[in-house]
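Read off the chains here:
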Amino acid sequence: MERRLLTFIVASTAFFFMYFSLRVMFAPQRDPQAGQQPNQAADVLVEGDDPDRPDTPAEPDPGNEPAVDPDAGEASEDSAEPTPERPSRPKWLTLGSMDPSLGYYMLVTLNSRGGGVERIELTERDKDGHLKYRRVDVRSGYLGYFAGEAASTSSGVLVNVVGPGTPAEIAGVRVGDIIVAINDQPVATSDEISRALIETKPKDKISIDVMRGSAANPVKLTATLSQHPLDLVRLARHGGADQVSGNLSRLSCLMTLSQVNRKGILTNEGSITGIEDPSELIWDSNATQGDASQSAQFTVELSAAEMEPVGGGPVRMLRSYSLVPSSYIVDMSIQIDNLDDEPQDLAYRLEGANGITLEGWWYSTKISPNFSGAAARDVVYKTAADGHELISGYDLLKRAKKEAKDPNLTIFAPDGDGNSRDMKYIGVDAQYFTVAYVPPEGTSSLTTFRRAAAGIAAIPEEIPRHKERAVNSTFYLDSVIAAVPSGASLRQDLKMFAGPKQPDLLAKHELGDCIYYGWFSGFAKLLAGLLHILSAVGNYAVAIILLTVIVRGAMFPLSRKAAVNAQKMQELAPELKKINDQYKDDMEGKLKAQRELQQRVGFNPLAGCLPMFLQLPIFIGLYRALSVDIELRQAAFSGSTNWASNLAGPDMFAYWGDWLWDYLSGRGTGWLGPYFNILPVIVVVLFLAQQKMFMPPATDEQTAMTQKMMNIMTLMMGLFFFRVPAGLCIYFITSSLWGICERVLVKKTLPSGKHFDAAVLEGTAVPTAEKSQSLAERIRSQISKPEEPVQPPNKRRRPKKKK
């Protein structure tokens, strides 16, 4: 009996061991990150085909179950082929236009490979018809974006897309043309086209030679160049001078499957292992242009044979984009149709934008609420649990280097509470622009995602040292896992904001927290508002000058008091010198004697520092206003010259990056930057002149050494502030000139006589202030007797020792 029982236990154990081993080896594995069961969230939209959408004629059934598309079964049978027929080449579509008469604020270029966003250019016009947001780092003319590639049939650049309203489209360039020459200069790559235009200017006319169709000779076209619109979203390889090695050229807003039944995306993977990644496939595409909007649709199917390795059935993935005039919003729709005969547990992953503009990353200082600081591109989000948060690109890069197996930083996970997944927005934030996902119309938050994580679209080890600020930050969202019946769909609508950080515009989409002024934000907002009022004169440089005059004029009484204080200090200088000589080796006695002298004559040495302390919040507030306010970006010192054409950046008087060594002139790596800026030099000269003119002569070696150190610190300050915004330099210059004139004016209003009586200085007479004391002050002075005069060390008596 015992032998049979022992045999049964051993056999049972062996059976269960073999069962679990085979189950682990052959059974479909569940995503280790997917800690949520199907239909865990009730707000996931699992629906039948919408009757208002094309190719979806089925009406929902009367009950609560999703409607079943009657064509789904046929699609399932057709999709039994191992590899569905798909386009062999990607296709580029555009939304919006550069034509000012159409009123679009954006020109969006989409790519059918993955159905992602390749480029977003801002095309809003100001009242004069100029681009409101152009590239401030490019002064050459703009022809257009072609998504060009080397032609296979001849030496030239194959045109894959031509943006509506661009100079190239107006000149007659078409998709499929091969550009062989610009101004009779042969070109074979997109970079060569850029180099051929580098010496041009907006409004210049150029000639374009293109090979078209089967023509033997090139067609010569003439184009009138325009200003270069700001490419808010672009591929990393099209960054021009701001291109940083290590950043990946990846499309934005790509979509893939994140869960198919029990199989999901593993940690540090971008797609489900075993099936084709939909973000790498070429989708079917078509565009629709209406009177009030433009839209583009992308579709791809995964057959039963392609889904079989992960235990899934055929699915169809659809996504669409639409754009209306006078808007910075791109409406997006995502849908997954279950073409199988059985229900499936499905979820998708939606990537965020990447390749946000890097303008000014080497000189700008983005204000961050975090101690670690901000990069040029940071991930921002807002949830009910955390509020507004900023994840620095620095931190994402450090994490990617340290934790290669799990480089992404989790924002919220499936096991978090509902508030952590109640998301108001999430996006990538730059100095003056933001690209973010926001809820669709009629909803206040995004609650249909189970996971969000921030990361980088870059190779961490290849990001150069001192260029970490330019790392390509991005994020992704995983939807909740939904049990989708046969013939039904999983659908999500949302919006993408891609535009400037204007307070009113951001507040409209509840993105106002993306504008952060930091310390003294009240002063910064006040000064920014006052600047906007003063800008009615037509020039922000003049407005800054007027603002400085107003502020310094209001502080004139304090400045006069400081000047009087300095004059008193000069009168006390001989007495202070006597004290220094008398107490040369007794620091304690010297300080006590100086205090007695100052109390005797009624002098407060700190009174002269008051104007400096009052100017500090004004200085910081103006600096923050220049660093944050979008209206100061692209505001020029003068419209007649390209010098100081952006008051929010350095004046860029002359380019020296082509001959000065990289240690000084490199972008991000150099102390000074690639441009010589003349305004900081003028600021330093004026500071030194002020010190020379108004600093009292040194009374001893220590004071002389202090004054020399102040001169050296002024020169060092000029080195550190060599790349400050031109608008701030204008403030410094105006303030310094006002200070010089103010000192001359104050000098004429100062008392001509002495401030102190000689007897009071020597301590033989009662000061006037003491004679006019009130009764209460006299009683207090009797109660608290002044300290006895300090005797020199050689006249002090030792206390008698007690026996």
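Residues numbered from 1 in each chain as written. Predicted model: local features only at pLDDT ≥ 70, side-chain atom pairs only at ≥ 80, totals over all residues. Heavy atoms only, no water.

Even after reading the chapter, I still don't get the overall build of the protein chain, so can you show me in this structure?
Counting its secondary structure elements, the protein chain contains 19 helices and 29 strands. With 803 residues in all, the protein chain has 50% of them scored as buried. When contacts within the protein chain are restricted to residue pairs at least 6 apart in sequence, those whose partners lie at least 24 apart make up 69%. (Helix = DSSP H or I, 4+ residues; strand = E, 2+ residues; numbered from the N terminus. Buried < 20%, exposed > 50% of the residue type's maximum accessible area, 1.4 Å probe, protein only. Contact = heavy atoms within 4.5 Å.)

Sorry if this is basic, but what is going on with the environment of A168 here?
As for its position among the elements, A168 is in helix α3 (residues 167-171). For A168, a relative accessible area of 0% gives the class buried. Considered as a pair, A168 and L225 are 57 residues apart in the sequence and their alpha carbons are 8.4 Å apart. Contact partners of A168, with chain neighbours within four places excluded, come to L143, F146, V162 and V173.

Any chance you could explain the environment of L131 here in plain terms?
Inspection of the secondary structure assignment puts L131 in the loop between β4 (116-122) and β5 (149-150). Since its relative accessible area comes to 2%, L131 is described here as buried. Linking L131 and P229, residues 98 residues apart in sequence, is a C-alpha distance of 6.7 Å. Leave out the neighbours within four places in its chain, and L131 touches L122, T123, E124, R125, Q227, H228, P229 and Q634.

What's the story with the confidence of the model for the protein chain in this structure? I'm lost.
Any residue range with low pLDDT should be treated as having predicted coordinates unsuitable for detailed reading. The pLDDT averaged across the protein chain works out to 83; a share of 82% of its residues lies at or above 70. Counting contacts from residues 24-44, a segment whose pLDDT is below 50, to residues more than four positions away or on other chains yields 55 contacts. Under a pLDDT of 50 for its full length, residues 46-80 has, in the predicted model, 61 contacts with residues more than four places off or in other chains. (pLDDT = per-residue confidence, 0-100.)

Explain the nonpolar core to me, please; I cannot follow it from the model alone.
Side chains of nonpolar character tend, in soluble globular proteins, to be buried together. If you look at the biggest cluster of nonpolar residues, it comprises 93 residues, and the most contacted ones within it are L257 and Y437. With residues up to four places along the chain from it excluded, the contact list for L257 reads I265, I272, I275, P278, L302, M307, V315, M317, I336, A347, Y348 and R349. Counting residues in each nonpolar core, the second largest holds 29 residues, with L531, L534, L547 and C729 among its members. (Core = buried A, V, L, I, M, F, W, Y, C linked by side-chain atoms within 4.5 Å.)

How should unusual backbone geometry be read in this particular structure?
The bulk of non-glycine residues show a negative phi, and the bulk of peptide bonds are trans. Despite not being glycine, K203 shows a phi value in the positive range, around 80°. Mapped onto the fold, K203 is located in the loop between α4 (190-197) and β9 (205-211).

Even after reading the chapter, I still don't get the sheet that holds strand β3 (residues 106-111), so can you show me in this structure?
Sheets are built from strands that pair by backbone hydrogen bonding, the pairs being arranged parallel or antiparallel. Spatially, β2-β3-β4-β11 is the arrangement adopted by the four strands of the open sheet, whose pairing is antiparallel. Looking at the sheet topology across the chains shown, the edges are occupied by β2 (92-96) and β11 (231-233). When the angles between neighbouring strand axes are averaged without regard to direction, this sheet yields 25°. Pairing of β2 with β3 involves five bridges; the strand directions are antiparallel. Across the sheet, the residue bridging to W92 is N111, located in β3. (Pairing = 2+ DSSP bridges. Axes fitted to C-alpha atoms, helices over the stretch in contact; angles between N-to-C directions.)

I'm lost on helix α14 (residues 678-694) in this one. Help?
Because each turn of an α-helix spans 3.6 residues, side chains separated by three or four positions end up pointing in the same direction. An ideal rise of 1.5 Å per residue puts 24 Å on 17 residues; α14 measures up with 25 Å between its terminal C-alpha atoms. Check the buried side of α14 and you find it contacts α15 (701-720) and α16 (726-749). (Expected span 1.5 Å × (residues − 1).)

Please explain the pairing of strand β22 (residues 423-429) as it appears in this structure.
The side chains of a regular strand alternate, first on one face of the sheet and then on the other. Across the seven residues that make up β22, a large majority, six, are buried. Across six bridges, the pairing between strand β19 (residues 378-383) and β22 is antiparallel. If you follow T383 over to β22, its bridge partner there is M423. Bridge count for β22 against strand β23 (residues 433-438) is four bridges, and the pairing is antiparallel. Its bridge partner being in β23, G427 is matched across the sheet by A436. Here β22 folds back onto β23 in antiparallel fashion, the turn holding three residues.

I'm lost on the packing of aromatic side chains in this one. Help?
The geometry of an aromatic ring pair is captured by two quantities: the separation of the ring centres and the angle between the planes. Evaluated as defined, the whole model comprises 18 aromatic pairs. Between F653 and F676, the aromatic rings sit 6.2 Å apart at their centres with planes inclined by 75°, giving edge-to-face as the arrangement. Placement of F653 in the loop between α12 (610-628) and β28 (654-655) and of F676 in strand β29 (residues 675-676) is noted, with a sequence separation of 23 residues between them. For F676, a relative accessible area of 26% corresponds to the partly exposed category. A network of ring pairs unites the aromatic residues F653, W656, W659, F676 and F722 as a single cluster. The ring of Y145 is capped by R119, whose NZ or CZ atom sits 4.4 Å from the centre of that ring. Positioned over the ring face of Y476 is R349, at 3.7 Å from the centre of the ring. (Phe/Tyr/Trp six-rings, centres within 6.5 Å; stacked < 30°, edge-to-face > 60°. Lys NZ or Arg CZ within 6 Å of the ring centre and 35° of its normal.)

Can you help me understand the side chain of D209 in this one?
Here D209 lies in strand β9. If sequence neighbours within four positions are ignored, D209 has contacts with I178, I179, V180, A181, D184, P218, V219 and K220.

Quick question: what am I supposed to make of the pattern of salt bridges here?
If the charged atoms of two oppositely charged side chains come close together, the side chains can form a pair. Enumeration according to the criterion identifies 26 salt bridges in this entry. Of the charged contacts, one joins K220 and D209 as a salt bridge, the two residues approaching to 2.8 Å between their closest N and O atoms. Taken as a pair, K220 in strand β10 (residues 219-224) and D209 in strand β9 lie far apart in primary sequence, eleven residues in all. Classification of D209 as buried rests on a relative accessible area of 11%. Salt-bridge contacts for R633 lead to E359; the nearest nitrogen and oxygen are separated by 2.7 Å. Here E359 lies in the loop between β18 (344-351) and β19 and R633 lies in the loop between α12 and β28, a separation of 274 residues in the sequence. Classification of E359 as buried rests on a relative accessible area of 12%. (Salt bridge = Lys/Arg side-chain N within 4 Å of Asp/Glu carboxyl O.)

How do you make sense of the packing of helix α9 (residues 540-554) against helix α10 (residues 556-582) when you look at a structure like this?
To characterise two packed helices, one gives the angle between the axes of the helices and the distance between these axes. Between α9 and α10, the least distance of the axes is 4 Å, while the angle of their chain directions is 55°. Between α9 and α10, the angle falls in the class oblique. Across from R552, G553 and A554 in α9, the residues of α10 making contact are F556, P557 and S559. By residue class, the composition of the contact of α9 with α10 is three nonpolar, two polar and one charged. (Parallel < 35°, antiparallel > 145°, perpendicular 65-115°, else oblique. Nonpolar A, V, L, I, M, F, W, Y, C, P; charged D, E, K, R; others polar.)

Where do I start with the side chain of T200 in this structure?
In this structure, T200 sits in the loop between α4 and β9. With a relative accessible area of 10%, T200 lands in the buried category. From its side chain, T200 meets the backbone nitrogen of G141 in a polar contact 3.2 Å long. At 2.5 Å, the side chain of T200 and the backbone oxygen of L197 are in polar contact. The contacts of T200, once residues within four sequence positions are left out, are R139, S140, G141, I206 and L225. (Polar contact = N/O pair within 3.5 Å; in protein donor to acceptor, adjacent residues only side chain to side chain.)

Explain a nonpolar patch on the surface to me, please; I cannot follow it from the model alone.
Residues W661, Y663, W671, M705, M709, I712, M716, M717, L719, F720 and F721 make up a contiguous nonpolar surface patch of roughly 1100 Å² in combined accessible area. Sort the elements by how many residues they give to the nonpolar patch and α15 lands first, with seven residues. Relative to the elements of secondary structure, W671 occurs in the loop between α13 (662-665) and β29. (Patch = residues over 30% accessible without salt bridge, like charges linked within 9 Å, V, L, I, M, F, W, Y side chains within 5 Å. Areas by Shrake-Rupley, 256 points an atom, 1.4 Å probe, with all protein chains shown as cover.)

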